[in-house]
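Notes for the structure review
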Amino acid sequence: MDLKKVCAFLAAAFLVVDVFLLVLCIHSHNNLLYLSNDMVENAVTFIRSQNTSVEPAVIKRKIPDNAIYTFQTENATLAFGVASKLSDAFFSGMPVSFVETPDGVSYTIGKSAEAVASLRVYNDSFRFEYAKTGFRRDSLALSPDAFSGAASTLTEEQKKAADTFLESLNSVKNARSAYTLCGVMNVDGGVYASFSQNVYADYPISDMFVNVYISDSDGVAYACGNRIFAAFSRSYSGTLTDGINALASLDFAAVESILSERIVYVHRYTGSGTHYLIPVWEIAYLDRDNHAQTLYVDTVKK
């Protein structure tokens with residue numbers, strides 16, 4: 001009987017110790033991943049002493065732990081699979097036909113004499129173009145910047161059409177598309193909408209975007225932009241620079257005001273067959289002439 005009490009006591013003691021260690025571990029982990037308020041306040045004081053304005057909320061308190069991602073396959077190789085997914089999603093699986101072009105590849109959906117849509121992929125970049133037959137192709141050649149300041153809402157029906165289209169641009173079957181809606185323009189007969197391509201969650205890939213025209217009567221009628229069709233593989237994580245040290249890369253003598261900082265991914269290709277998506281800090285600021293500028297800072301500590 002006494003032995004059972006001793007065992008029960010020891011078990012309870014070990015449980016208390018385990019809970020304590022777990023709490024301590026979580027607390028220590030959070031302290032390692034987040035800048036303290038004192039560190040942020042000291043940084044703001046220093047930056048303002050350089051006659052550069054900045055708000056404490058601009059400095060990201062979380063120290064990034066974003067991984068580097070890789071992919072191998074080029075868009076042109078994956079274009080048939082994407083065209084087939086578009087056919088399945090919007091045209092009940094109509095046949096897909098291949099046409100080689102001088103600057104890339106093109107796929108038509110539907111019988112040659114009765115094609116209902118086409119997907120064109122360019123060899124020199126990640127550019128692509130999709131159009132339903134009869135849609136004027138030059139009507140959406142816009143930079144994502146054109147959507148800045150525009151409304152950022154879609155109706156449920158428009159959002160459903162966009163979701164289906166963007167998921168079809170993934171080469172992997174049943175893959176979910178990660179994106180951010182950047183802006184919406186209301187036009188006659190529908191809307192123009194711009195979406196960033198994200199690695200995951202809300203981490204966009206610089207210069208990767210999709211502009212779409214969503215018709216009130218015909219769904220997604222046209223789309224163009226830069227899009228990586230390949231699936232990403234998590235490669236490794238380095239020790240990353242925090243938000244304060246990222247801002248230290250600025251030449252404060254030339255900076256009037258710091259507007260924002262965030263983590264984005266940039267594409268790098270070394271020529272070895274492997275493409276890399278690398279996290280960097282994107283810092284938006286105004287120079288002394290109040291012109292908007294952007295600085296990209298490598299997040300990996302030197």
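Note: the structure precedes this text.
Basis of the calculations
- Residues numbered from 1 in each chain as written.
- Predicted model: local features only at pLDDT ≥ 70, side-chain atom pairs only at ≥ 80, totals over all residues.
- Heavy atoms only, no water.
- Helix = DSSP H or I, 4+ residues; strand = E, 2+ residues; numbered from the N terminus.
- Contact = heavy atoms within 4.5 Å.
- Areas by Shrake-Rupley, 256 points an atom, 1.4 Å probe, with all protein chains shown as cover.
- Core = buried A, V, L, I, M, F, W, Y, C linked by side-chain atoms within 4.5 Å.
- Buried < 20%, exposed > 50% of the residue type's maximum accessible area, 1.4 Å probe, protein only.
- Pairing = 2+ DSSP bridges.
- Axes fitted to C-alpha atoms, helices over the stretch in contact; angles between N-to-C directions.
- Parallel < 35°, antiparallel > 145°, perpendicular 65-115°, else oblique.

**Quick notes on the overall build of the protein**
- From N to C terminus, the protein includes five helices and 13 strands.
- Put simply, 59% of the contacts in the protein that link residues at least 6 apart link residues at least 24 apart.
- Counting every atom, the protein has about 16600 Å² of accessible surface; 55% of that belongs to carbon and sulfur.

**A word on the nonpolar core**
- Among the nonpolar cores identified, the biggest contains 41 residues, and Phe128, Tyr130, Phe165 and Val212 are the most heavily contacted of them.
- Ranked by size, the runner-up nonpolar core spans 20 residues in total, among them Val40, Val54, Leu250 and Phe252.

**A short note on the pairing of strand S4 (residues 117–122)**
- Burial within S4 is extensive, with five of its six residues counted as buried.
- Where S4 meets strand S5 (residues 127–132), five bridges bridge the pair, whose relative direction is antiparallel. Across the sheet, the residue bridging to Val121 is Phe128, located in S5.
- Counting the residues in the hairpin turn of S4 and S5 gives four residues.

**As for the packing of helix H3 (residues 75–90) against helix H4 (residues 156–168)**
- Remark: H3 packs on H4, axes separated minimally by 8 Å, with the N-to-C direction vectors making an angle of 150°. Classified by the angle between their axes, H3 and H4 sit roughly antiparallel to one another. Contacts between H3 and H4 involve Val82, Lys85, Leu86, Ala89 and Phe90 from the first element and Ala161, Thr164, Phe165, Glu167 and Ser168 from the second.

**Notes on unusual backbone geometry**
- Phi angles above zero are rare outside glycine, and Ser92 is one such case at about 55°.
- Following the sequence through the fold, Ser92 ends up in the loop between H3 and strand S2 (96–101).
- Phi angles above zero are rare outside glycine, and Asn290 is one such case at about 60°.

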